[in-house]
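This is what each chain is made of:
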Amino acid sequence: MTFEEKLLELAISDDRIIVMTAENRAAIRNLPSKIGDRFIDVGIAEQTMIGAAAGLALRGRVPFVHALATFLTLRAFEFVRTDVGIGQLPVILVGGVPGFLSEANGPTHQAVEDISLMRGIPNMGVFCPADATELVDALPQIVASGKPFYIRYNACAPAAEHRMPFDLGKAEIYPSNAAADVADDITILTYGFLLGEALKAQTLLQADGFSTRIINMRTLSPIDENIIIDAADNSELLVTLEDHFQVGGLYSIVSEIIVREGVLSNVMSISLENRWFKPALLPDVLDYEGFTGEKIAERIRKRIAEDETMDDELFEDFYSLN
Amino acid sequence: MSLNDRKYHDLEALALRVREHIIKMSTDGGCFIGASLSCTDLLVYLYSNVLHVSPSRVDDPNRDYLLLSKGHDVPALYGTLAELGFIERSRLANHLKTNDSIYWHPNRAIAGIEFHSGSLGHLLSVAIGIALDIKLRGGTNRVFVILGDGELNEGSIWEALLVAASKKLDNLVAIVDRNGFQANVPTEELSPLEPLAPKFEAFGWSTKRINGHDFEQMEDAFASFDLGRPSVVIADTIRGKGLPSIEARADRWFVNFSHDEVEQLLEELHGGRTTALTSETLMVR
């Protein structure tokens, strides 16, 4: 079932649902003829769309609003924060082509601070589906939450079979090849379509002898804190992998949690550090930016080698002092 | 007293009481007095003669909505709501106090306030959403939005004007409190708005222009609205209306008067002599 089909199914059974767009119909092209007046296209007017969605929500509706992720979260940010956020209204924001999925559009279209912005709004949910299956499975729970939600839209084909049904606020684990009572060498925390690349990296790293656990976060707000704390306690190296600026995304979330909990951990961020990415077609972006499974594995191996060198130097300093 | 004077006597008396409340809120922290006094007559008229809403109907889905988009004039709305029984009059004494939640901009937690505002250029869009839902449900109630003239600088207003016209929202009525000033200077000195009515007409809105302190003109303007398109009423008003010592002055936007000045201003409101205001109580925020 596609996102559009699921949205139609929900709209048919729940007349609170309104589908809105700021002239971005890619994911909802067939809905106008099927839901009539409950499909509202405001034109290229993201601010008015969000304000109007708040007005509809005040009247008891649950609007799904669609625009490209950059324009939805940046152009209309103050409307999201002030009308939807302060109002605590159940408006569901669907941001198209987030992160690397904007491919060759260039920096104007690169939503790589969207999570940082949306999670900064009190009680705003943030859902980053790994693929079309997860996207569709989550929708009923998101509607039922009654909260404002940001969906980092991703309808890619699944890279692997899911291991756990969607449960809002719970992450999904792809365990390592180590015995259950042994700590893992590596845990990679990720979200969105990069789950597929993380799983490729898992295969490669485990072939090298590093037991590697993959965690698909699914929602970044609410965040599955227990799974992060457990990974920090039971991994030699914790990796956060994301197509987002390092500031404000998963690396920041993990840092906040482990500092607050006082969990000592070796954390490596694979993200965009203080810059936009090279615009190109997706496979080329991943290769150029070092986010393919192979390149992720290579970066992690290099980090482990550096850590070991550092450890050796520390030992040498220790012994030379004594 | 002429026939019309008698007809509008009660409205004038009500407006006078609302202005008293506004003046009393202009001390101990102060308020945006100029913009509050300019829209007082409009709010009094709308709540008395136009809006289908009452203290017992604040949650009725079939009520008329009034949204204050230029939220800093909220003392006029709180004064009106208090006089009409939506909230206790005594509550206005809690203005800016932590034992209540009546602050410089509208708070939806207070009965009769439909939505929060303060950031300019938002509530015309929110009103569109409410008006769309009323249409979807086949309702006949209306949504009124008070806009400031300075607020028309915001691009989101013009975005919303296009959208409202495209959706043929004839249950939506915008009212521009055209008091001629934005925060620091006359509107025409910064980003000139005139000719204003043709702008709204060009955007597909039914447009009327009236004196925003003349109840007779309000009666005509709000008696009926065009079908098939949204309406705007541009109401020419006077910033600080009712107090000659602050009327139409650029430096009377946000004020924090002394208790003595408040006493004098209350006398001035009732025809007493012009108050001598000290510069320290006049602020530009």
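Look up: the structure comes first, before these words.
All figures in this text were calculated on a predicted structure; none of them were measured in a lab.

**Q** Honestly, the overall build of chain B in this entry has me stumped. Any pointers?
**A** The number of helices and strands found in chain B is 10 helices and 7 strands. A compact globule built from 285 residues would reach a C-alpha radius of gyration of about 19 Å, and chain B, at 18 Å, matches this within 12%. Projecting the C-alpha coordinates of chain B onto the three principal axes gives extents of approximately 55 × 45 × 45 Å. Here chain B holds 285 residues, and 49% of them are scored as buried.

**Q** How should I be thinking about helix α1 (residues 3-13) of chain A in this particular structure?
**A** Residues and elements named next belong to chain A. Of all the positions in α1, only F3, L7 and A11 are classed as buried. Buried residues in α1, looked at end-on, bunch into an arc of 65°, giving them a common side. Exposed residues on α1 whose side chains face more than 90 degrees from its buried face are E5, I12 and S13. Close packing links the buried residues of α1 with β1 (17-21), α2 (32-35), β3 (62-68) and α7 (132-145).

**Q** Sorry if this is basic, but what is going on with the sheet that holds strand β2 (residues 39-41) of chain A here?
**A** Within a sheet, neighbouring strands are paired by backbone hydrogen bonds and run either parallel or antiparallel to one another. All names here are of chain A. Taken in spatial order, the 7 strands of this open sheet run β2-β1-β3-β4-β6-β5-β10, and their pairing is mixed. Where the open sheet ends on each side, the last strands, each with one partner, are β2 and β10 (219-221). The average undirected angle you get between the axes of adjacent strands in this sheet is 20°. When β1 meets β3, the two strands line up parallel, connected through 5 bridges. Residue pairing across strands places T21 opposite H66, the latter belonging to β3.

**Q** So what exactly am I meant to see when it comes to the sheet that holds strand β2 (residues 143-148) of chain B here?
**A** Residue and element names in this part refer to chain B. Spatial ordering of the open sheet is given by β1-β2-β3-β5-β4, a layout of 5 strands whose pairing is parallel. At either end of the open sheet lies a strand with only one pairing partner, and these are β1 (65-68) and β4 (206-211). Along the sheet, successive strands turn relative to each other by an average axial angle of 20°, direction set aside. On top of the sheet, helix α3 (residues 33-50) reaches β1, β2, β3 (172-178) and β5 (231-236); it is set at about 145° to β3, its chief contact.

**Q** What should I look at first to understand the interface of chain A and chain B in this one?
**A** With 21 residues of chain A at the interface, the matching set in chain B holds 19 residues. Looking at the side of chain A that touches chain B, the elements with two or more residues in it are α3 (46-58) and α5 (77-85) of chain A. In terms of residue count, α3(A) provides more of the side of chain A that touches chain B than any other element does, 9 residues in total.

**Q** Is there a simple way to explain the packing of α3(B) against helix α4 (residues 74-83) of chain B in this structure?
**A** Packed helix pairs are specified by the crossing angle of their axes together with the interaxial distance, meaning the distance between the axes. Residues and elements named next belong to chain B. Running from N to C, α3 and α4 point in directions that differ by 35°, and their axes come no closer than 8 Å. Crossing geometry of α3 relative to α4 is assigned as right-handed. The segment α3 lies against α4, with S36, C39, T40, L43, V44 and Y47 engaging P75, A76, L77 and T80.

**Q** Is there a simple way to explain unusual backbone geometry in this structure?
**A** For the peptide bond that leads from S221(A) to P222(A), omega is -5°, which places it in the cis range. Topologically, P222(A) is positioned in the loop between β10 and α9 (225-233). Cis geometry marks the peptide bond from E194(B) to P195(B), where omega comes out at -5°. If you trace the backbone, P195(B) turns up in the loop between α7 (187-190) and α8 (197-202). A positive phi angle is found at K168(B), which is not glycine, with a value near 55°. Tracing the chain through its elements places K168(B) in the loop between α6 (155-166) and β3. Among the residues examined, K168(B) registers 14 C-beta atoms within 10 Å and is labelled partly exposed.

**Q** What should I look at first to understand the nonpolar core in this one?
**A** Soluble, globular proteins show a tendency: their nonpolar side chains are buried together. One finds L189(A), A127(B), I128(B), V145(B) and I175(B) to be the most contacted residues of the largest nonpolar core, which totals 174 residues. By residue number, the principal contributor to this core is α3(B), which donates 10 residues. Sequence-distant contacts of V145(B), defined by excluding residues within four places in its chain, comprise L67(B), S69(B), L123(B), L124(B), A127(B), A174(B) and I175(B).

**Q** What exactly am I supposed to notice about the environment of Y174(A) here?
**A** Position of Y174(A) relative to the elements: it lies in strand β7 (residues 172-174). Placed 10 residues apart in sequence, Y174(A) and M164(A) show a C-alpha to C-alpha distance of 9.5 Å.

**Q** Please explain the pairing of β3(B) as it appears in this structure.
**A** Looking down a regular strand, the side chains alternate between one sheet face and the other. All names here are of chain B. Across the 7 residues that make up β3, a large majority, 7, are buried. On β3, burial covers both faces: L172, A174, V176 and R178 on one face and V173, I175 and D177 on the other are all buried. You can see the chain leave β2, run along α6 and come back into β3, and the turn it takes is right-handed. In terms of strand pairing, β3 meets β5 through 6 bridges, oriented parallel. By the bridge assignment for β5, V173 is matched with S231.

**Q** Whenever I open this one, the packing of helix α2 (residues 9-24) of chain B against α3(B) confuses me. Can you help?
**A** All names here are of chain B. Two elements in contact, α2 and α3, have axes separated by 9 Å at closest approach and are oriented at 145°. Here the hand of the crossing between α2 and α3 comes out right-handed. On the side of α2, the interface is formed by L11, L14, A15, V18, R19 and I22, while α3 contributes I33, S36, L37, T40, D41, V44, Y45 and S48. Grouping the amino acids of the contact of α2 with α3 by side-chain chemistry returns 9 nonpolar, 3 polar and 2 charged.

Criteria and cut-off values
- Residues numbered from 1 in each chain as written.
- Chains lettered and ligands numbered in written order.
- Predicted model: local features only at pLDDT ≥ 70, side-chain atom pairs only at ≥ 80, totals over all residues.
- Helix = DSSP H or I, 4+ residues; strand = E, 2+ residues; numbered from the N terminus.
- Rg over C-alpha atoms; globule rule 2.2 N^0.38 Å.
- Buried ≥ 20, exposed ≤ 12 C-beta atoms within 10 Å, placed from the backbone.
- Arc of directions from axis to C-beta.
- Contact = placed C-beta atoms within 7 Å.
- Pairing = 2+ DSSP bridges.
- Axes fitted to C-alpha atoms, helices over the stretch in contact; angles between N-to-C directions.
- Left-handed = near helix turned anticlockwise from the far one by under 90°.
- Core = buried A, V, L, I, M, F, W, Y, C linked by C-beta atoms within 7 Å.
- Right-handed = clockwise from strand over helix to strand, strands pointing away.
- Nonpolar A, V, L, I, M, F, W, Y, C, P; charged D, E, K, R; others polar.

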